[in-house]
Amino acid sequence: MTNASARRPMTKPEARRFITALAEANPNAESELVFTDTFTLLVAVVLSAQATDKSVNKVTGGLFHDAPDPAAMIRLGEDGIAAHIRTIGLWRAKARNVFLLSRKLVTDHQGEVPSDRASLEALPGVGRKTANVVLNVAFGESAMAVDTHIFRIGNRTGLAPGKTTRQVEDGLISRIPPDMLRPAHHWLILHGRYICKARSPECWRCAGFDPCQFKDKKIRREAHGGTAVPMPERPVDTTD
Ligand code: SF4
């Protein structure tokens, strides 16, 4: 496993070059979770904790067909929700949270997903990361959700070193230019999923190679012949 970290934090100009390079390599980056509206986005993100987007997408087709809104989710009930999501991790707790958050949306928010952080984080199963995804994707805010990929990239590359997800989140917000912050969430997640992977970062085909401060990047590139190879048009999914 490659746990080595950055030589030093990136400067702001380096952070801009790094994010710009990721954007150019993957200009149409967007969430890989399947959803149709803010409610289904919220549920999909709650279900995605410690599960891959692919595994979540496999269960949400049936779940959202049977329960496309909070009222229908309440009618389906905790057991009915559980029956749909048994193949993903933590399914019992997630079924309960989806049921309870649907009930709270109906009782406290007229069945709508609220657009402010405090109300989102008051929903069962919704923490800061989930709230940040919803604020970013559904409400257009420059919120930065730090998942396992973004936490790793922040520390490995020097983009935003930190011991906690909140430290990494704050570092990203302070270093990434404000106009790039909202889409940067998707660029970073996809970069971590397909290129800057946990066990074996593919530095030899990385668009952000030059500004990256990962101390082993040259060794890894030289092990693959020393020259960069062209990026595939669409990344190859090798799963998390
Ligand atoms: S050069 Fe390597 S470590 Fe740096 S961002 Fe690219 S893949 Fe990650």
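Residues numbered from 1 in each chain as written. Predicted model: local features only at pLDDT ≥ 70, side-chain atom pairs only at ≥ 80, totals over all residues. Heavy atoms only, no water.

Section: the domain arrangement of the protein
- Each assigned domain of the protein is listed here: domain 1 (12-29 + 143-222) and domain 2 (38-137).
- The C-alpha-based centres of domain 1 and domain 2 are spaced at 28 Å.
- Taken together, the contacts link 11 residues of domain 1 with eight residues of domain 2.
- Around 830 Å² of area is buried between domain 1 and domain 2 when both sides are counted, 43% of it from carbon and sulfur atoms.
- Counting the contacts that link domain 1 with domain 2 gives two salt bridges.
- When the shortest N-O distance is used, the salt bridge between Arg128 and Glu169 registers 2.7 Å.
- Applying the counting rule to domain 1 against domain 2 returns seven residue pairs in polar contact (both at pLDDT 80 or more). (Domains from an automatic or database assignment. Contact = heavy atoms within 4.5 Å. Buried area = accessible area lost by both parts, 1.4 Å probe. Salt bridge = Lys/Arg side-chain N within 4 Å of Asp/Glu carboxyl O. Polar contact = N/O pair within 3.5 Å; in protein donor to acceptor, adjacent residues only side chain to side chain.)

Remarks on the side chain of Thr130
- Turning to its location among the elements, Thr130 is positioned in helix H7 (residues 128-137).
- Contacts of Thr130, omitting those with residues within four sequence positions, involve Leu42, Val45, Val46 and Gly125. (Helix = DSSP H or I, 4+ residues; strand = E, 2+ residues; numbered from the N terminus.)

Describing the environment of His84
- Structurally, His84 can be placed in helix H4 (residues 70-85).
- With relative accessibility at 22%, the residue His84 sits in the partly exposed group.
- Each C-alpha atom of the pair His84 and Ser119 lies 27 Å from the other, and the pair is 35 residues apart in sequence.
- A distance of 2.9 Å separates the side chain of His84 from the side chain of Asp66, its partner in a polar contact. (Buried < 20%, exposed > 50% of the residue type's maximum accessible area, 1.4 Å probe, protein only.)

Describing the site of the ligand
- For the ligand, the full set of nearby residues is Phe18, Arg156, Thr157, His191, Cys196, Pro201, Cys203, Cys206, Phe209, Cys212 and Phe214.
- Here the shell around the ligand is built from residues that sort into eight nonpolar, two polar and one charged. (Near = heavy atom within 4 Å. Nonpolar A, V, L, I, M, F, W, Y, C, P; charged D, E, K, R; others polar.)

Details of the confidence of the model for the protein
- For the protein, per-residue confidence averages 92 on the pLDDT scale, and residues scoring 70 or more make up 92% of the total.
- The low-confidence segment residues 232-240, where pLDDT is below 50, has 14 contacts with residues more than four positions distant or belonging to other chains. (pLDDT = per-residue confidence, 0-100.)

Regarding H7
- Counting buried residues along H7, seven of its 10 residues qualify, which places the element largely inside the surrounding structure.
- For H7, every residue scored as buried is listed here: Thr130, Ala131, Asn132, Val133, Val134, Leu135 and Asn136.

Thoughts on the environment of Asn155
- Turning to its location among the elements, Asn155 is positioned in helix H8 (residues 148-157).
- For Asn155 and Gln213, which are 58 residues apart along the polypeptide, the C-alpha to C-alpha distance reads 9.5 Å.
- Apart from residues lying up to four places away in sequence, Asn155 is in contact with Ser5, Ala6, Ala160, Pro161, Gly162 and Val168.

Section: the packing of H8 against helix H10 (residues 178-194)
- One way to put it is that H8 packs onto H10 with a least axis distance of 8 Å and a crossing angle of 85 degrees. Of the possible angle classes, the one that applies to H8 and H10 is roughly perpendicular. Along its contact with H8, which presents His149, Ile150, Arg152 and Ile153, the element H10 presents His185, Leu188, Ile189, His191, Gly192 and Arg193.
- Here the residues of the contact of H8 with H10 sort into four nonpolar, four polar and two charged. (Axes fitted to C-alpha atoms, helices over the stretch in contact; angles between N-to-C directions. Parallel < 35°, antiparallel > 145°, perpendicular 65-115°, else oblique.)

Overview of the UniProt feature "binding site: [4Fe-4S] cluster" (unreviewed entry) in the protein
- The positions UniProt marks with the feature "binding site: [4Fe-4S] cluster" (unreviewed entry) are Cys196, Cys203, Cys206 and Cys212. For the annotated residues, spread through 17 residues, the largest C-alpha to C-alpha distance comes to 10.8 Å, consistent with a single compact locus.
- With respect to the helices, strands and loops of the structure, Cys196 is situated in the loop between H10 and helix H11 (217-222).
- The residues contacting Cys196, other than those within four sequence positions of it, are Arg152, Ile153, Arg156, His191 and Pro201.
- Tracing the chain through its elements places Cys206 in the loop between H10 and H11.
- Residue classification places Cys206 among the buried positions, given a relative accessible area of 17%. (UniProt positions renumbered as here; feature names shortened; annotations may be inferred.)

Observations concerning the packing of H8 against helix H9 (residues 165-175)
- Interhelical geometry of H8 versus H9 gives an angle of 65 degrees and a closest axis separation of 10 Å. On the basis of the axis angle, H8 is roughly perpendicular to H9. In terms of crossing hand, the pair formed by H8 and H9 is left-handed. Across the interface between the two elements, Ile150, Phe151 and Asn155 from H8 touch Thr165, Val168 and Leu172 from H9. (Left-handed = near helix turned anticlockwise from the far one by under 90°.)

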